Structures are given as C-alpha cells and as structure tokens.
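If you want the building blocks of each chain, they are given just below.
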Amino acid sequence: MLRPILEDGPKKIVHDFKKIYNAFYIKGIFLFPVVFDTMLASYILEPDSKEFDLISISKLYLKVQISDKESCEKSSYFSERIECIKNLTAILKEKLANNDRLKLLEDLELPLVKVLSEMELSGISIDEQFLNVLKQETKELIFNLENKIYDLAGEKFNILATKKLAEILFEKLNLPAKKKTKKGYSTDSIVLDELSDKHPLPAMILEYRHISKLINTHIEVFPEMIHKKTKRLHTYFDQTGAAT
C-alpha cells in the first residue's frame, strides 16, 4: 500500500538519505523523489563540523533539544523528529540559497547518495582462496625476515619493541641516533630510512613492519569481514567525512 507513495508520490525530505535509501532498497523499495536531506545540507554549510546527527543540528539551528530514542515513547520520538526535519529544511534551504550552495546539494550530493548506496550494497568480491595463499606466503616471508634480523642483530628480540630496537641500533651497533623522544631514541620510519645506507638492519626492520601491517590490517582481516549471505565485502562511504 505504501510502495507507490515511497517510490513515486510526493516529494520527500529526510535526514540521512543514504541510510534510509539503503533500508528501503534491501526490502526492494526504491525511495523517490527525495529533494532535501537535512544532514547533507548541514554538512555543506559547516563541512568542518563533526556532528551532523539530528540532535546536534536541531540544537544548532532550532535551539531545541530533542529526545533520544531511549528516553521517549516511539510515537513521540518519530513525531518530534518529523517536526524537526520540517523546520530544519526551511532554515537550511534558505541558508544554502543565500550562500549559493543549494545547487551543490541538489545537483551533486543528493544524486551521489544513490551511487554510494549501490556501491555499499553491491559490495566487493573477495577471493578467499587467494588471500589464504597470500597469508601463507607472507607469513613465510616474515619468518625468513625474522631470522635475518636476528642474525644481523646478534640476538633474538621483539622486533616491534621500540626500546629494545633502539638499544640494538644505537648502543650495540653504534649507529648514529637521529632524534630523541620522551621515551628514548626514535626508531620511526624516517630514522630507519636514514640509517639504511649505514647498515642493512634498519631496511629489514622497515620491510618487516610493512609486511606485518599488511597481514594484520588486510590479509587476515578481510576474510572476517565477508558477509555470510552475500559472500562479499561491504564498505561504508561517509559522505560527510571530508571538508574540501
């Protein structure tokens, strides 16, 4: 009964169009036409802000404090928000027009919502078999690197322990210390890169860190993020996350 209204019908104003579009899309409903989004409008007006939720922008532009979901009944929760979105639309639309930014919302940000939404819902195909092979290969590479590092250092140690690494580089191997922090001599990537032409150990430490990070942040993580039903990796695109 509601499908004709949601998919065509009257023009719609919302808060967080992408979230709502996704929710209806999953149920096979294509929300249209949406002509204003109070979240995107507030983002365009104040791109450096970090708070675009309805409570925050209602406080900013309407000078009202609306209730959160836990502190009021469902009926009043929705009616209060509908009223805020309606009142915000009038204020924000005027501000956008006065700042020559209304077209930015209408011609760029609102159409972009559907693009981002479909990208999120479509997901990315992940070759789990390839990742498993890559995981094994990189772990073997790490194992070989560890042994080479231990040989160059003359002892086994926790390669990721900054204090111990500094001790080996600057006290045991007598390499020149480049900069000092409150916790001791720095072994950051800039320092290690500068030391790489003086001894082979710093370059190997850099390679070890790079591969370890690749394993811990990508190779081992991606399989755990694959959706059980779609068998794909679904991303989230923050449309209000960058000020340009």
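Please refer to the structure higher up on the page.
Computed from a predicted model, the values in this text were never measured in an experiment.

## Description of the overall build of the chain
Logical step 1: Broken down by element type, the chain carries 11 helices and six strands.
Logical step 2: For 244 residues, the compact-globule estimate of 2.2 N^0.38 gives 18 Å, and the C-alpha radius of gyration of the chain, at 27 Å, exceeds that figure by more than 25%.
Logical step 3: Expressed along its principal axes, the backbone C-alpha trace of the chain runs to roughly 75 × 45 × 40 Å.
Logical step 4: The 244 residues of the chain split such that 34% are buried.
Logical step 5: Considering only contacts in the chain between residues 6 or more positions apart, those separated by 24 or more positions represent 57%.
Logical step 6: By element, 55% of the accessible surface of the chain is carried by carbon and sulfur atoms, the whole surface being about 15,700 Å².
Logical step 7: A gap of 2 Å separates the mean positions of the 37 positive and 37 negative side-chain charges of the chain.

## Side note on the packing of aromatic side chains
Aromatic rings in a pair are described by how distant their centres are and how their planes are angled relative to each other.
Logical step 1: By the definition in use, this model includes seven aromatic pairs.
Logical step 2: For the pair Tyr43 and Phe52, a centre-to-centre distance of 5.6 Å together with 85° between the ring planes defines the contact as edge-to-face. For the pair formed by Tyr43 and Phe52, the shared burial category is buried.
Logical step 3: Here the aromatic cluster, defined as three or more aromatic residues joined through ring pairs, consists of Phe17, Tyr21, Tyr25 and Phe30.
Logical step 4: When the ring centre of Tyr185 is taken as reference, the NZ or CZ atom of Lys180 above it lies at 5.1 Å.

## Comments concerning the environment of Ile124
Logical step 1: Structurally, Ile124 is set in strand 3 (residues 124–125).
Logical step 2: With 81 residues separating them in the primary sequence, Ile124 and Tyr43 have C-alpha atoms 28 Å apart.
Logical step 3: In this view, Ile124 contacts Arg232, Leu233 and Thr235; residues no more than four positions away in its chain are not counted.

## Re helix 8 (residues 162–172)
Logical step 1: Among all positions in helix 8, only Leu165, Ala166, Ile168, Leu169 and Phe170 are buried. With its buried residues spanning 165° around the axis, helix 8 presents them on a single face. In helix 8, the exposed positions angled more than 90 degrees off the buried face are occupied by Lys163 and Glu171.
Logical step 2: Tucked into the core, helix 8 has its buried residues touching helix 7 (128–153), strand 5 (184–185), helix 9 (189–195) and helix 10 (200–219).
Logical step 3: Taken from the residues just after helix 8, Asn174 is the one with a positive phi, measuring 60°.

## With respect to unusual backbone geometry
Logical step 1: A cis amide bond links Phe32 with the next residue in sequence, Pro33, at an omega value of -15°.
Logical step 2: Positionally, Pro33 belongs in the loop between helix 2 (17–26) and strand 2 (34–37).
Logical step 3: One non-glycine residue, Asn174, lies in the positive phi region at around 60°.
Logical step 4: Considering the arrangement of structural elements, one finds Asn174 in the loop between helix 8 and strand 4 (180–181).

## Remarks on the layout of surface pockets
Logical step 1: In this model, the largest pocket occupies a volume close to 640 Å³.
Logical step 2: Lining the largest pocket are 20 residues, and of these His15, Ile20, Phe78, Arg81 and Ile85 sit closest to its centre.
Logical step 3: Where the lining of the largest pocket is concerned, the elements lending two or more residues are strand 1 (12–14), helix 2, helix 4 (54–61) and helix 5 (74–98).
Logical step 4: Here the lining of the largest pocket takes five residues from helix 5, the largest share from any one element.
Logical step 5: By residue class, the composition of the lining of the largest pocket is 13 nonpolar, one polar and six charged.

Conventions adopted
Residues numbered from 1 in each chain as written. Predicted model: local features only at pLDDT ≥ 70, side-chain atom pairs only at ≥ 80, totals over all residues. Heavy atoms only, no water. Helix = DSSP H or I, 4+ residues; strand = E, 2+ residues; numbered from the N terminus. Rg over C-alpha atoms; globule rule 2.2 N^0.38 Å. Buried < 20%, exposed > 50% of the residue type's maximum accessible area, 1.4 Å probe, protein only. Contact = heavy atoms within 4.5 Å. Areas by Shrake-Rupley, 256 points an atom, 1.4 Å probe, with all protein chains shown as cover. Lys, Arg positive; Asp, Glu negative; His and termini not counted. Charge placed at Lys NZ, Arg CZ, Asp CG, Glu CD. Phe/Tyr/Trp six-rings, centres within 6.5 Å; stacked < 30°, edge-to-face > 60°. Lys NZ or Arg CZ within 6 Å of the ring centre and 35° of its normal. Arc of directions from axis to C-beta. 1 Å grid on protein atoms, 1.4 Å probe; cavity = no way out; pocket = protein on both sides within 12 Å on 5 of 7 lines; lining within 4 Å. Points joined across faces, edges and corners; volume = space filled by probe spheres on them. Nonpolar A, V, L, I, M, F, W, Y, C, P; charged D, E, K, R; others polar.

Interpretation note: all reported values are geometric properties and have no functional meaning in isolation.
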